[in-house]
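Remarks on the overall topology
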Amino acid sequence: DQQVKQNSPSLSVQEGRISILNCDYTNSMFDYFLWYKKYPAEGPTFLISISSIKDKNEDGRFTVFLNKSAKHLSLHIVPSQPGDSAVYFCVSGGSNYKLTFGKGTLLTVNP
Amino acid sequence: ETGVTQTPRHLVMGMTNKKSLKCEQHLGHNAMYWYKQSAKKPLELMFVYSLEERVENNSVPSRFSPECPNSSHLFLHLHTLQPEDSALYLCASSPLLTGAYEQYFGPGTRLTVT
């Protein structure tokens with residue numbers, strides 16, 4: 001059973017608009033969440049993270065929101081750029097090394 | 001070279017072959033990982049090493065044999081694989097094993113077993 005779910009396999013947005021990628025998790029023991037981005041033929045690269053003691057973390061155009069009661073997090077990209085087109089993985093972790101990955105959402109930003 | 005490198009990038013092997021995947025990290029990290037990504041599945045953790053000692057074997061079949069000769073290098077030795085082992089194999093490293101550290105990934109080796 002998947003502990004980290006990204007229910008949208010793909011998302012398409014126009015350049016300059018907001019991209020919102022969603023993620024749900026089931027394990028309430030998760031206390032650290034990350035988003036990774038993956039381009040074709042490359043490994044995943046770390047994008048942004050959030051600890052469970054926070055409900056928001058912002059880094060430039062990227063903001064991650066965490067709703068612990070709903071076990072939901074989202075990644076907002078504003079404004080979206082064509083170079084943001086990639087697969088985005090929602091990842092959960094804790095105090096140990098075990099990261100649990102979602103299946104990913106393919107974001108396409110159209111010029 | 002910087003970051004995490006993996007060789008070869010692509011590998012085609014028969015079921016009776018023996019081959020090895022290599023990973024090298026230039027980040028001074030102490031923990032290294034092997035992951036498998038099959039089509040339409042999430043990344044699966046296979047093995048974890050901390051300071052060259054294996055700390056995790058995530059129920060991986062013995063036809064996959066890892067080796068970590070030092071904290072910068074990690075190998076995955078492959079022997080008598082099955083077609084269902086065809087996947088993208090990713091290596092990663094992190095500064096330490098525990099704690100909320102992100103892992104840094106290599107580009108992966110695309111393995112095809114024929």
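Conventions and cut-offs
Residues numbered from 1 in each chain as written. Chains lettered and ligands numbered in written order. Predicted model: local features only at pLDDT ≥ 70, side-chain atom pairs only at ≥ 80, totals over all residues. Heavy atoms only, no water. Helix = DSSP H or I, 4+ residues; strand = E, 2+ residues; numbered from the N terminus. Rg over C-alpha atoms; globule rule 2.2 N^0.38 Å. Buried < 20%, exposed > 50% of the residue type's maximum accessible area, 1.4 Å probe, protein only. Contact = heavy atoms within 4.5 Å. Areas by Shrake-Rupley, 256 points an atom, 1.4 Å probe, with all protein chains shown as cover. Lys, Arg positive; Asp, Glu negative; His and termini not counted. Charge placed at Lys NZ, Arg CZ, Asp CG, Glu CD. Buried area = accessible area lost by both parts, 1.4 Å probe. Salt bridge = Lys/Arg side-chain N within 4 Å of Asp/Glu carboxyl O. Nonpolar A, V, L, I, M, F, W, Y, C, P; charged D, E, K, R; others polar. pLDDT = per-residue confidence, 0-100. Pairing = 2+ DSSP bridges. Axes fitted to C-alpha atoms, helices over the stretch in contact; angles between N-to-C directions. Phe/Tyr/Trp six-rings, centres within 6.5 Å; stacked < 30°, edge-to-face > 60°.

Here we look at the overall build of chain B
A count of helices and strands for chain B gives 0 helices and 11 strands. If you list the helices and strands of chain B from N to C, you get β-β-β-β-β-β-β-β-β-β-β. What you see for chain B is a C-alpha radius of gyration of 13 Å, in line with the 13 Å of a compact globule of 114 residues. When its C-alpha atoms are laid out on the principal axes, chain B stretches across 40 × 30 × 30 Å. When burial is assessed residue by residue, chain B has 49% of its 114 residues classed as buried. Summarising the internal contacts of chain B: among those between residues at least 6 apart in sequence, 54% fall at separations of at least 24. Counting only carbon and sulfur atoms, one obtains 49% of the accessible surface of chain B, whose full area is about 5,300 Å². Considering chain B, the positive charge centre built from 10 side chains and the negative charge centre built from 10 side chains are found 10 Å apart.

Topic: the interface of chain B and chain A
With 24 residues of chain B in contact, the opposing surface of chain A contributes 20 residues. Across the interface of chain B and chain A, roughly 1,600 Å² is buried in total on both sides, 61% from carbon and sulfur atoms. When the area that chain B buries against chain A is broken down by residue, the three leading residues are Pro42(B), Glu102(B) and Phe105(B), summing to 28%. Where chain B touches chain A, the interface holds 1 salt bridge. The salt bridge partner of Lys98(A) is Glu56(B), with a shortest N-O separation of 3.3 Å. For the side of chain B that touches chain A, the elements supplying multiple residues, two or more each, are β4 (31–37), β5 (44–50), β6 (53–57) and β9 (87–94) of chain B. Counting residues per element, the side of chain B that touches chain A draws most heavily on β4(B), which supplies 3 residues. Here the side of chain B that touches chain A is composed, by residue class, of 14 nonpolar, 5 polar and 5 charged.

Notes on the confidence of the model for chain A
Regions with low pLDDT carry predicted coordinates that are not meant to be interpreted in detail. Per-residue pLDDT for chain A has a mean of 93; in total, 99% of the residues score no lower than 70. Of all helices and strands in chain A, the one with the weakest mean pLDDT is strand β10 (residues 100–101) of chain A (91), whereas strand β2 (residues 10–14) of chain A scores best (98).

Quick notes on the sheet that holds strand β7 (residues 64–70) of chain B
Picture the strands of a sheet paired through backbone hydrogen bonds; they go either parallel or antiparallel. Residues and elements named next belong to chain B. In spatial order, the strands read β1-β3-β8-β7; together these 4 strands make up an open sheet with antiparallel pairing. With one partner strand each, in any of the chains shown, β1 (4–7) and β7 form the two edges of the open sheet. The average angle at which neighbouring strand axes cross in this sheet is 20°, direction not considered. Taken together, the 7 bridges between strand β3 (residues 18–25) and strand β8 (residues 73–79) define a ladder with antiparallel strand orientation. Residue cysteine 23 lies in a different strand from β8, and its bridge partner there is leucine 74.

A look at the packing of aromatic side chains
Applying the stated rule across the entire model yields 11 aromatic pairs over all chains. Judged by centre distance (4.6 Å) and plane angle (45°), the rings of Tyr25(A) and Phe33(A) are tilted. Phe33(A) shares its class with Tyr25(A); the two are buried. With a centroid separation of 5.9 Å and 45° between ring planes, the pair formed by Tyr36(A) and Phe101(A) is classed as tilted. Of this pair, Tyr36(A) sits in strand β4 (residues 32–38) while Phe101(A) is found in strand β10, placing the two residues 65 residues apart along the sequence. Given the relative accessible area of 0%, Tyr36(A) is considered buried. On the basis of relative accessibility, which here comes to 3%, the residue Phe101(A) falls in the buried class. Grouping aromatic residues by their ring pairs yields a cluster made of Tyr36(A), Phe46(A), Phe89(A), Phe101(A), Tyr33(B), Tyr35(B) and Phe105(B).

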